Amino acid sequence: MVKVTSLGEILVEIMAEDKGHGFRHRIRLLGSFPRGAPAIFIDQVATLAQPCGIIGCVGDDDFGRLNITRLRDDGVDTRAIEVRPGDATGSAFVRYRETGS
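Being a predicted model, the structure only gives us computed values, none of them experimental.

Engineer: Explain the overall build of the protein here, please?
Structural biologist: Across its full length, the protein holds two helices and six strands. Here the C-alpha coordinates of the protein stretch approximately 50 × 35 × 20 Å along the principal axes. Buried residues in the protein amount to 35% of all 101 residues. In the protein, of all internal contacts separated by at least 6 residues, the share reaching a separation of at least 24 is 72%. Carbon and sulfur atoms make up 54% of the accessible area of the protein, which amounts to about 6,600 Å² in all. If you average the places of the 13 positive and of the 14 negative side-chain charges in the protein, the two averages end up 5 Å apart.

Engineer: How should helix 2 (residues 62-74) be read in this particular structure?
Structural biologist: Compared with the 18 Å implied by 1.5 Å per residue over 13 residues, the 18 Å span of helix 2 between its first and last C-alpha is a close match. Among the residues of helix 2, Gly64, Asn67, Ile68, Arg70 and Leu71 are the ones counted as buried. Each buried residue of helix 2 sits inside an arc of 165 degrees when the element is viewed along its axis, so together they form one side. Helix 2 presents Asp62 and Asp73 as exposed residues on the side facing more than 90 degrees away from its buried surface. Within two residues after helix 2, Gly75 carries a phi angle of roughly 105 degrees, on the positive side.

Engineer: Before we go on, may I ask you to explain the sheet that holds strand 6 (residues 90-94) in this structure?
Structural biologist: Within a sheet, adjacent strands bond to each other through the backbone by hydrogen bonds, running parallel or antiparallel. In space, the three strands of this open sheet follow the order 3-2-6, with mixed pairing throughout. Single-partner strands in this sheet number two, and they are strand 3 (29-35) and strand 6. With direction set aside, neighbouring strand axes in the sheet form an average angle of 25 degrees. Bridge count between strand 2 (residues 11-16) and strand 3: five bridges; the pairing is antiparallel. Bridge pairing in strand 3 places Met15 opposite Leu30.

Engineer: Teacher, can you tell me more about the nonpolar core here?
Structural biologist: Taken as a class, soluble globular proteins show a tendency for nonpolar side chains to be buried jointly. Core analysis: the largest hydrophobic core is formed by twelve residues, namely Ile10, Ala39, Ile42, Val45, Ala46, Cys52, Ile54, Val58, Ile68, Leu71, Val76 and Ile81. At the level of secondary structure, the elements contributing two or more residues to this core comprise helix 1 (37-47), strand 4 (52-59) and helix 2. Look past the residues within four positions of Ala39 in its chain and what remains in contact with it is Glu9, Ile10, Ile54, Arg70 and Leu71.

Engineer: Teacher, can you tell me more about the packing of helix 1 against helix 2 here?
Structural biologist: A packed helix pair is summarised by two numbers, namely the angle formed by the two axes and the spacing between the axes. Where helix 1 contacts helix 2, the two axes come as close as 8 Å, and the packing angle between them is 25 degrees. Comparing their axes, helix 2 and helix 1 come out roughly parallel. For the pair helix 1 and helix 2, the contacting residues are Ala39, Ile42, Asp43, Ala46 and Thr47 in the first and Arg70, Leu71 and Asp74 in the second. Of the residues that constitute the contact of helix 1 with helix 2, the class distribution is four nonpolar, one polar and three charged.

Analysis parameters
Residues numbered from 1 in each chain as written. Predicted model: local features only at pLDDT ≥ 70, side-chain atom pairs only at ≥ 80, totals over all residues. Heavy atoms only, no water. Helix = DSSP H or I, 4+ residues; strand = E, 2+ residues; numbered from the N terminus. Buried < 20%, exposed > 50% of the residue type's maximum accessible area, 1.4 Å probe, protein only. Contact = heavy atoms within 4.5 Å. Areas by Shrake-Rupley, 256 points an atom, 1.4 Å probe, with all protein chains shown as cover. Lys, Arg positive; Asp, Glu negative; His and termini not counted. Charge placed at Lys NZ, Arg CZ, Asp CG, Glu CD. Expected span 1.5 Å × (residues − 1). Arc of directions from axis to C-beta. Pairing = 2+ DSSP bridges. Axes fitted to C-alpha atoms, helices over the stretch in contact; angles between N-to-C directions. Core = buried A, V, L, I, M, F, W, Y, C linked by side-chain atoms within 4.5 Å. Parallel < 35°, antiparallel > 145°, perpendicular 65-115°, else oblique. Nonpolar A, V, L, I, M, F, W, Y, C, P; charged D, E, K, R; others polar.

That's the geometry; what it means functionally is another story.
Below you can see the structure in the form of structure tokens.
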């Protein structure tokens, strides 16, 4: 029985290895990391061994499959994740300034 349910975005994060400003120049990137606040939240619920699931959608691509696999492996019920053929999974590119902001 699912007791805790999360609803919302499931995306992938690509992070710059070095701190700096912007993405105008070539930089080293790390990732891909499964992300999205609702997905992170429900993944943490699962790590506490609580019955849980997520409602959302991903693209029919490697990033979408990465997210579903990670969540399922951690114990999240992923049956309500729609895989959308022809659509891309959302992505976020992250870079921190020298100050850490």
